[in-house]
Amino acid sequence: MCGIIGYTGSEDVREVLLDALELLEYRGYDSAGLAVKDAENGEIKVRKCAGRVSDLRAICASEKLVSTCGIGHTRWATHGGVNDRNAHPHQVGKVTLVHNGIIENYQELIADYELADELASETDSEVVAALLNHFYEGNPAEALKKTVSKLRGTFALVVMFADQPEIIYSTRNVSPIVATLCDEGAMLASDLTALCRFTNRYFVVPEYHILELHKDAVILKDFEENTVEPEFLTVDWELNSAGKAGYPFYMEKEIMEQPDAIANTIGNRIKGGMPDFSKDGVPDTLFTSCERICIIACGTAMHAGLVAQALVKSILHMHIDVEMASEFMYSDPVIDEKTLVIAVSQSGETIDTLEAVKYAKRRGAKCLSIINVKGSSIARESDYVLYTSAGPEIAVASTKAYTTQLSVFYLIVARMAHSRGVFTQEETQSFVRELQRTPDVMRKVLENRRDIHVVAKKILSAKDLFMIGRGLDYSILLEGSLKLKEVSYIHSEAYASGELKHGPIALITQDTPVVASVTQEKLFSKELSNIREVKSRGADVVIFIKENLSAKLEGEYEMIKLPDMQDEFMVLPASVALQLLAYYVSSDKGFDVDKPRNLAKVVTVE
Ligand code: M6R
């Protein structure tokens, strides 16, 4: 879950590395470090510290140095606490290394190769540096292969050797590395947000290969020494879309981008008013031949799956499970060749989801994935991919990835309903027309964001908060609640309103604000009873409500009115409103909204 960068070329390497590390910082921000080859004397100099990239930048600023080759790292601590020693790069003998992943057998390696005396940190990564140094006799590829053959776990390794010219070496298993060659030189990174400043062309470094970055070339070889031609991909993200564009935080920028992100995601997939996946190469037989659906995902992506589950049940009347990817393999899931597995992931690198996809495929299931990052590991593992066009999502709290995932699910449901004979052509077109209204409806929510800010101010000091709703509202609130807790540190629980009286209502007091979501007409009166139950126990209640339901509650409750859509689609405006609520609470509390404590954007450890 760390961010890795390597560069050799014509530019001042420290600037390149620091700028890239800032873009990668969302992958981990416990500590930061870099190592560069001093152009004057060829020495490799390491600078690192616990803290942020800005702290590292300050350290580097005080020192004059000419260098055009180096590696860098931002850390999300796994083995060993957050301190300077445990920060990467690690230097042992002739080896200077950064690592992303987890080495499961690092203690055995210390014992087997008597490495203890060479280690200054508590990390598994330094053990790899020591082992590599142990095997190194002047041939980097040989030493890397020998080292890799001893490792158990996941790793992306990026290495400089003291006696090699300005060349960077890399190899990996599971943990991702992308690389490029452009006018300014050769570069690699753990994801392509870091490369976007230089180029929109990149390739994914295959597992168990050795990549060499030279100033004017990239050389890729398999472990048998065969040269492999890199398969270049093009990313359609704007070169500057990874910046904040004047917003104080990426989260706000990404919330605001949602109308366009949805329009881009659905635009090319609607033909003649019908959902169309022909450009994605997804055949209708995938939807007609399956007997059940299983959605696998984590966190926010899983919440998108829960919305899809409600839609599939009510529209397609099909059996559908939503599985937390981290629990999937251990829960004896019912998966076979008749199961359509849909994996959902923004990054395409979440290891739990990746492993779950591999497991499902071993059981004979076909896998369709909904992914934001092209060429990512889950995308490559899947039989079919529907990419969301959200552009780079940098804030740790996922926003535009979620709503674009939802928009793809609406298209899938419509396509399935039509191909399975549940919807007529007219019904399908009408469903799609409603989806096409989403960008405009979302813009209205965004225009009224000040009202949400006012509500946010009222819950700043809350320690605990409940979010209550029924049916689809409950699904929306699971995501709204996750958003609030991860960025504001308020303990928030989403609860199905009807279930509240079976226990949790004991926690409701005048100090426990309640956010209710009321967007489903058929559940309105039941929902209202539950809201009254908490209000009569002293809770301050704010209701996020579909506008045409609000008249009956005027004057009685504080309300955020959401522009009307058909009930199945109200998830979309409601989600944006709840994202804004979480955002304002966090920013008003003065938190680093984009980098909540203990979290990382891409979770590549199980
Ligand atoms: O990259 P993925 O969509 O696979 O990530 C899954 C979760 O880690 C992610 O959604 C996480 O829950 C977010 N921080 C929530 O905002």
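This structure is a prediction, so every number in the text was calculated from the model and none was measured.

Q: What am I meant to see in the sheet that holds strand β6 (residues 95–103) here?
A: Strands in a sheet are paired, the pairing made by backbone hydrogen bonds, and the direction either parallel or antiparallel. Spatial ordering of the open sheet is given by β5-β6-β7-β8-β12-β13, a layout of six strands whose pairing is antiparallel. The open sheet has two edge strands, β5 (90–92) and β13 (217–222), and neither has a second partner. Pairs of neighbouring strands in the sheet enclose a mean axial angle of 20°, with direction left out of account. Lying over the sheet, helix α4 (residues 124–135) contacts β5, β6 and β7 (153–161), oriented at roughly 130° with respect to β6.

Q: Quick question: what am I supposed to make of the environment of Leu 188 here?
A: Mapped onto the elements of the fold, Leu 188 is located in strand β10 (residues 185–189). When its relative accessible area of 0% is taken as the criterion, Leu 188 is described as buried. Sequence separation between Leu 188 and Ile 177 is eleven residues, and the spatial gap between their C-alpha atoms is 6.7 Å. Setting aside anything within four residues of it in sequence, one finds Leu 188 in contact with Ile 4, Ile 5, Gly 6, Val 158, Ile 168, Ser 170, Ile 177, Val 178, Ala 179, Leu 195, Leu 211 and Leu 213.

Q: Looking at this model, I keep getting lost on the nonpolar core. Mind explaining?
A: Where a protein is soluble and globular, its nonpolar side chains tend to be buried together. Core analysis: the biggest nonpolar cluster contains 97 residues, and Leu 368, Tyr 410 and Ile 412 have the highest contact counts within it. With twelve residues, the top contributor of residues to this core is helix α19 (residues 571–588). Excluding residues within four positions of it along the chain, Leu 368 makes contact with Val 282, Leu 286, Phe 287, Leu 340, Val 341, Ile 342, Ala 343, Tyr 384, Val 385, Leu 386 and Ile 412.

Q: I tried to follow helix α5 (residues 140–150) on my own but got confused; where do I start?
A: Three or four residues apart is the spacing at which side chains of an α-helix point the same way, because the helix has 3.6 residues per turn. Regarding α5, the residues found buried are Pro 140, Ala 141, Ala 143, Leu 144, Lys 145, Thr 147 and Val 148. Each element contacted by the buried residues of α5 is listed here: α4, β7, β8 (168–173) and β12 (209–214). Capping of α5 at its N-terminal end is provided by Asn 139; its side-chain oxygen lies 3.2 Å from the backbone amide nitrogen of Ala 141.

Q: I tried to follow the pairing of strand β24 (residues 514–518) on my own but got confused; where do I start?
A: Put simply, side chains in a regular strand alternate between the two faces of the sheet. Counting buried positions over the five residues of β24 gives five, a clear majority of the element. Alternating residues of β24 divide into Val 514, Ala 516 and Val 518 and Val 515 and Ser 517, and every residue in both groups is buried. Note: strand β22 (residues 464–469) against β24, three bridges, orientation parallel. Across the sheet, the residue bridging to Ile 468 is Ala 516, located in β24. In this fold, the crossover linking β24 to strand β25 (residues 541–546) by way of helix α18 (residues 524–535) has right-handed handedness.

Q: So what exactly am I meant to see when it comes to the site of the ligand here?
A: Contacts to the ligand come from 14 residues, most closely from Ser 345, Gln 346, Ser 347, Thr 350 and Glu 486. Within the backbone of Val 396, an N or O atom sits 3.1 Å from a nitrogen atom of the ligand. In this structure, Ser 398 approaches the ligand through a main-chain N or O atom, which is 2.8 Å from an oxygen atom. For the ligand, whose accessible area on its own is 410 Å², the fraction buried by protein is 90%. Considered class by class, the residues forming the shell around the ligand number five nonpolar, seven polar and two charged. Two domains each donate at least three residues to the shell around the ligand, and these are domain 2 (245–436) and domain 3 (440–589).

The rules behind each value
- For every chain, the first residue of the written sequence is number 1, and numbering continues from 1 onward in sequence order.
- Given that the model is predicted, a residue must reach a pLDDT of at least 70 before its local features are reported, and side-chain atom pairs must reach 80 or more before they are shown or counted; all residues, however, enter totals for whole chains, interfaces and linings.
- Side-chain measures were taken over the full set of non-hydrogen atoms in the model, leaving aside hydrogen atoms and water.
- DSSP-based pairing: two strands are paired if at least 2 bridges between them are found.
- Each helix is a run of DSSP H or I of at least 4 residues and each strand a run of E of at least 2, with the numbering of both proceeding from the N terminus.
- Axes, fitted as lines to C-alpha atoms, cover a helix only where it is in contact. Angles between the N-to-C directions of the axes lie from 0 to 180 degrees.
- Whether two residues are in contact is decided by their heavy atoms, any of which lying within 4.5 Å being enough.
- Burial classes: relative accessible area under 20% of the type maximum marks a residue as buried, over 50% as exposed, and values in between as partly exposed (1.4 Å probe, protein chains only).
- As used here, the term nonpolar core means buried Ala, Val, Leu, Ile, Met, Phe, Trp, Tyr and Cys residues forming a set that is joined through side-chain atoms within 4.5 Å.
- Counting of polar contacts relies on pairs of N or O atoms within 3.5 Å, with two restrictions inside protein: one atom must be capable of donating a hydrogen and the other of accepting it, and residues adjacent in sequence are counted only when both atoms are side-chain atoms.
- The handedness of a crossover follows from its direction of travel: if, with the strands pointing away from the viewer, the path from the first strand over the helix to the second runs clockwise, the crossover is right-handed.
- In these notes, residues near a molecule or strand are those with any non-hydrogen atom within 4 Å of it.
- Using a 1.4 Å probe, accessible areas were evaluated by the Shrake-Rupley method; residue-level cover was limited to the displayed protein chains.
- Note that Gly is not counted as nonpolar here; it falls among the polar residues with everything else outside the nonpolar set of Ala, Val, Leu, Ile, Met, Phe, Trp, Tyr, Cys and Pro and the charged set of Asp, Glu, Lys and Arg.
- Domain boundaries shown here were taken from an automatic or database domain assignment.

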